[in-house]
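Now for the letters of each chain:
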Amino acid sequence: MRYRSTRGDTRARNFSDILLAGLADDGGLYMPESWPQFTPDEWRSLRGLPYADLAARVIAPFTEGAIDFATLLRLCTEAYADFDHPAVAPLVEIENGLFSLELFHGPTLAFKDMAMQLLGKLFEHVLTERGERVTIVGATSGDTGSAAIEAFRGSRHLSVAILHPRGRTSDVQRRQMTTVKEDNILNIAVEGTFDDCQDLVKAMFADKPFREEVRLSAVNSINWARIAAQIPYYVRAALTLGAPDRAVSFAVPTGNFGNVLAAWAASKMGLPIHRLFIGSNRNDILTRFLDCNDMSVRGVEPSLSPSMDIQVSSNFERLLFELLDRDSEACARIMTQFRATGRMDVPPTAWDRARAVFSGLHLSDEQTLDEMRELYRNSHYLADPHTAIGIAAARRGHEQGVPMVAAATAHPAKFPDAVIKATGIHPPLPEKLADLFKRAERFEILPNDLKVVESAVRTHLRLG
Ligand SMILES: Cc1ncc(COP(=O)(O)O)c(C=O)c1O
Ligand SMILES: N[C@@H](CCOP(=O)(O)O)C(=O)O
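Residues numbered from 1 in each chain as written. Chains lettered and ligands numbered in written order. Predicted model: local features only at pLDDT ≥ 70, side-chain atom pairs only at ≥ 80, totals over all residues. Heavy atoms only, no water.

## Section: the UniProt feature "domain: Tryptophan synthase beta chain-like PALP" (unreviewed entry) in the protein
Here the UniProt feature "domain: Tryptophan synthase beta chain-like PALP" (unreviewed entry) sits at residues 99-329. The distance separating the terminal C-alpha atoms of residues 99-329 is 40 Å; by composition the span is 44% helix and 18% strand. (UniProt positions renumbered as here; feature names shortened; annotations may be inferred. Helix = DSSP H or I, 4+ residues; strand = E, 2+ residues; numbered from the N terminus.)

## Thoughts on the confidence of the model for the protein
The pLDDT averaged across the protein works out to 96; a share of 100% of its residues lies at or above 70. Complex prediction metrics read pTM 0.97 and ipTM 0.99. (pLDDT = per-residue confidence, 0-100.)

## Regarding the site of ligand 2
Contacts to ligand 2 come from 13 residues, most closely from T140, D143, T144, N220 and S221. For ligand 2, an oxygen atom lies 2.6 Å from a polar atom in the side chain of T144. The backbone of S307 places a nitrogen or oxygen atom 2.9 Å from a nitrogen atom of ligand 2. Residues of the shell around ligand 2, tallied by class, amount to 2 nonpolar, 8 polar and 3 charged. (Near = heavy atom within 4 Å. Polar contact = N/O pair within 3.5 Å; in protein donor to acceptor, adjacent residues only side chain to side chain. Nonpolar A, V, L, I, M, F, W, Y, C, P; charged D, E, K, R; others polar.)

## Remarks on the pattern of salt bridges
Using the criterion set out here, one finds 38 salt bridges in the structure. As a salt-bridge pair, R339 and D199 come within 3.2 Å of each other at their nearest N and O atoms. Of this pair, R339 sits in helix 15 (residues 328-341) while D199 sits in helix 8 (residues 194-206), placing them 140 residues apart in sequence. On the accessibility criterion, R339 (63% relative accessible area) is exposed. (Salt bridge = Lys/Arg side-chain N within 4 Å of Asp/Glu carboxyl O. Buried < 20%, exposed > 50% of the residue type's maximum accessible area, 1.4 Å probe, protein only.)

## A look at helix 5 (residues 112-130)
An ideal rise of 1.5 Å per residue puts 27 Å on 19 residues; helix 5 measures up with 26 Å between its terminal C-alpha atoms. Most of helix 5 is tucked away: 14 of the 19 residues are buried. Taken from the residues just after helix 5, G131 is the one with a positive phi, measuring 65 degrees. (Expected span 1.5 Å × (residues − 1).)

## Some details on the packing of aromatic side chains
If you walk through the whole model with that rule in mind, you get 13 aromatic pairs. Ring geometry for F62 against W224: centres 5.6 Å apart, planes inclined by 55 degrees, an arrangement best described as tilted. Residue F62 is located in helix 3 (residues 51-63), and its partner W224 is located in helix 10 (residues 224-230); the two are separated by 162 residues in the primary sequence. No difference in accessibility class separates F62 from W224, as the two residues are buried. Ring centres of F257 and F316 lie 5.8 Å apart, and the angle between their planes is 65 degrees; on these two criteria the pair is classed as edge-to-face. With F257 in the loop between strand 9 (248-253) and helix 12 (258-268) and F316 in helix 14 (residues 316-323), this pair connects stretches of sequence that are 59 residues apart. Each member of the pair, F257 as well as F316, is classed as buried. Three or more aromatic residues joined by ring pairs make a cluster, and in this case those are W35, F62, W224 and W264. R355 extends its terminal NZ or CZ atom over the ring of W351, reaching a point 4.1 Å from the ring centre. (Phe/Tyr/Trp six-rings, centres within 6.5 Å; stacked < 30°, edge-to-face > 60°. Lys NZ or Arg CZ within 6 Å of the ring centre and 35° of its normal.)

Below is the structure:
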């Protein structure tokens, strides 16, 4: 499989190249040159496989020509060995025909582990094979950061710098990142929002001398490997509920648009998906887009679901590229204009195509608390605020006869304040994190300034 950029860079590369590169040189995102297709019989043959085996088979077409299947299978087996549920990503029926797909049974209690545990193994494999070193720089609103730190801590092949928006994550999320002791990890609390952190990461990639000097790499969902590793759980859920012989719908709480994009990618591979529902908080740019083609950036506002306090949803570019029939010139033009004006002019035909598959629902904090309360009262299901938004979107879109799966993206113990407020219950942290609030924290507080942040990354590299 070869990859090309959404903005036109056609120097096709293989999976290992784009894994290490993260973002294309022209600022675009890598996309597979074509969509692998599975026939109904091929889907059926995946039913009942252990999660790691299924994941390897679904991901294999994307790594073809770069990583052999036996190696991929070994890496998947290692990646999912320590999840705390035998099914890795279990399905729980919370109402008739409405299921929660629990993606938080990995080490850091959020769906990010589902991809990041595998990315940790893939980076080690490719860097060892090539004898190279990279510096990973990532932006986080709370969950990507801890998942990346957990997956890469202690590696001899790379350093990791994670930028989080100061004071805008939950205390549990922050401590999961800042209490890690390994010297290859640097935590930076940026005076700004998640979008500022994400902009800093993209600006570091655009700064060619810096990018080459530190050999920059990315593990946010701008890296295609993240999306590829998030496809298998949609496949597993759909097969469990009757696919490919009947279609299934998914509802996904959405911020950077990576998770729901993985579901959409599964449909491009031939998995019968009826509709995709996006849930958001008051940072509702995506639901505004779906409602009235208004893709305009407003300031990022804090909410009870801080991991989705995002306005610029990076992965939307991948969908746009496809909606424009892969016209990379048009895609580059629209993205450049979006960057300059904060407003994206999506052609009406592309908007119609998006609405043929996606619907959106946004919830205020009050509505989120109501949803969490009702879920607990009626179904005895304790949901974190992000998951609750996904379930609300699922309920809104649930059609008779079409199973509906809501992605449960975080463990409630990551957001205890919201859970207590809604239900009165304090969800305990699992045993492995029981002493989290006793551990010492280590992080730098820096202004939202590219040169200052780059200098901190350089210094860390010298000392680390
Ligand atoms: C708990 C949680 N739910 C939902 C999301 C949104 O996912 P995505 O950014 O892939 O749209 C995030 C952050 O990415 C998250 O951490
Ligand atoms: N909610 C995310 C934001 C970054 O998302 P990513 O999937 O692009 O890494 C977070 O928790 O950091």
